[in-house]
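So you can see what is in the structure, the chains are spelled out below.
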Amino acid sequence: MSAKIKNFIVSLLISFIYYFGISRFPTLANKYIKSEFVIKNLTNINITLTLIFAIIVYLFCKKFPTNSISKDGKKEPLLKSILIGACSSMALLVVVQILFKILGFLGYSYDMTGEFIRIKNVVSNNKIALINLVFIIPFVTEIVYRNVVFGYLYDLYEGGYKFVRLFTPACLSGILFALINLKYTLPIVVEIVIISLTFGYVYLKTKRIESAIIGHIVFSIGIVILSFIVKTSVL
């Protein structure tokens, strides 16, 4: 069996378990599990299962890389990679603000006030929700969508132009994330694709998924901070 087929099977299996198992656990639990304890603690159980799944996938991919990016021996030093991820995320926060303003000017406005209020209320009253938003979701997203999905799609375009090899997998993995997890509004889909392009490039540049993870965590922290300091805004 060739390496490409093995990578395809592994990537497909990981994605299948995540999409149809882990991400749908709350729905499945409400439908099939009658335990009062499970229903009462459904959110915390789901967060725990998601984190355990992501850690297992992370350790597996470190031991058995599923794409040529992680296999590349020319990795950036870990500290430099972390700095690249952090700096990229701070620049991304500014870009996203500008992006929403441009889309609003073109007639695709997206009122972020309600979203900021929702985030502020959630993280103010629930420390677990804060940890989930700032650390767990970025970690899981980068492991599944960047390391597995983006990494495999990147290898499919082997031999093509460098920009196409980055742009196409980043767009596809970003759109997939948007369709599965978020509303279908154009501004949000465009934002997710820009985020996917940014951290896809960071991963490709450093050859370390850790840099994308740190970058996404810093980006999420920035969003939480904005939710506390921004009064009203239509970005």
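For clarity, every value in this text was computed on a predicted model and none was experimentally measured.

Summarise the pattern of salt bridges; cite the residues concerned and give the values.
In this structure the tally under the stated criterion is three salt bridges. Notably, a salt bridge pairs Lys80 with Glu76, separated by 3.3 Å at the nearest N-O pair. Overall, the relative accessible area of 43% leaves Lys80 in the partly exposed class. Accessibility expressed as a relative area gives 16% for Glu76, which makes it buried. Arg146 is paired through a salt bridge with Glu142; the nearest N and O atoms lie 2.8 Å apart.

I'd like to hear about the nonpolar core, residue by residue, with values.
Counting 54 residues, the largest nonpolar core has Tyr18 and Phe219 as its most contacted members. Looking at this core, the elements with two or more residues in it are α1 (3–22), α4 (42–63), α6 (78–105), α7 (113–125), α8 (127–156), α9 (162–181), α10 (186–206) and α11 (209–229). Here this core gets twelve residues from one element, more than from any other, and that element is α8.

So, α4: which residues are in play, and what are the values?
Its 22 residues give α4 an end-to-end C-alpha distance of 32 Å, which sits within 8% of 32 Å, the value for a rise of 1.5 Å per residue. Within α4, burial applies to Leu42, Asn46, Ile47, Thr50, Phe53, Ala54, Val57, Tyr58 and Cys61. Here the buried residues of α4 occupy an arc of 135° about the axis, which is enough to place them on one side. Projecting away from the buried face of α4 at angles above 90 degrees are the exposed residues Ile56, Leu59 and Lys63. Buried-residue contacts for α4 involve α1, α2 (25–32), α3 (36–40), α8 and α11.

Hey, could you go over the confidence of the model for the protein chain for me, with residue numbers and the actual values?
For the protein chain, the mean per-residue pLDDT works out to 85, and 94% of the residues sit at or above 70. Mean pLDDT in the protein chain bottoms out at α9, which sits at 80, and peaks at α11, which reaches 93.

Tell me about the packing of aromatic side chains, and name the residues and values.
One pass over the structure, following the stated rule, counts eight aromatic pairs. Seen in terms of ring centroids, Phe150 and Tyr203 are 6.5 Å apart; in terms of plane orientation they differ by 55°. Their pairing is tilted. Of this pair, Phe150 sits in helix α8 while Tyr203 sits in helix α10; the two residues are 53 residues apart in sequence, bridging distant segments of the chain. Each member of the pair, Phe150 as well as Tyr203, is classed as buried. Here the aromatic cluster, defined as three or more aromatic residues joined through ring pairs, consists of Tyr18, Tyr19, Phe53 and Tyr145.

Thresholds applied
- Residues numbered from 1 in each chain as written.
- Predicted model: local features only at pLDDT ≥ 70, side-chain atom pairs only at ≥ 80, totals over all residues.
- Heavy atoms only, no water.
- Salt bridge = Lys/Arg side-chain N within 4 Å of Asp/Glu carboxyl O.
- Buried < 20%, exposed > 50% of the residue type's maximum accessible area, 1.4 Å probe, protein only.
- Core = buried A, V, L, I, M, F, W, Y, C linked by side-chain atoms within 4.5 Å.
- Helix = DSSP H or I, 4+ residues; strand = E, 2+ residues; numbered from the N terminus.
- Expected span 1.5 Å × (residues − 1).
- Arc of directions from axis to C-beta.
- Contact = heavy atoms within 4.5 Å.
- pLDDT = per-residue confidence, 0-100.
- Phe/Tyr/Trp six-rings, centres within 6.5 Å; stacked < 30°, edge-to-face > 60°.

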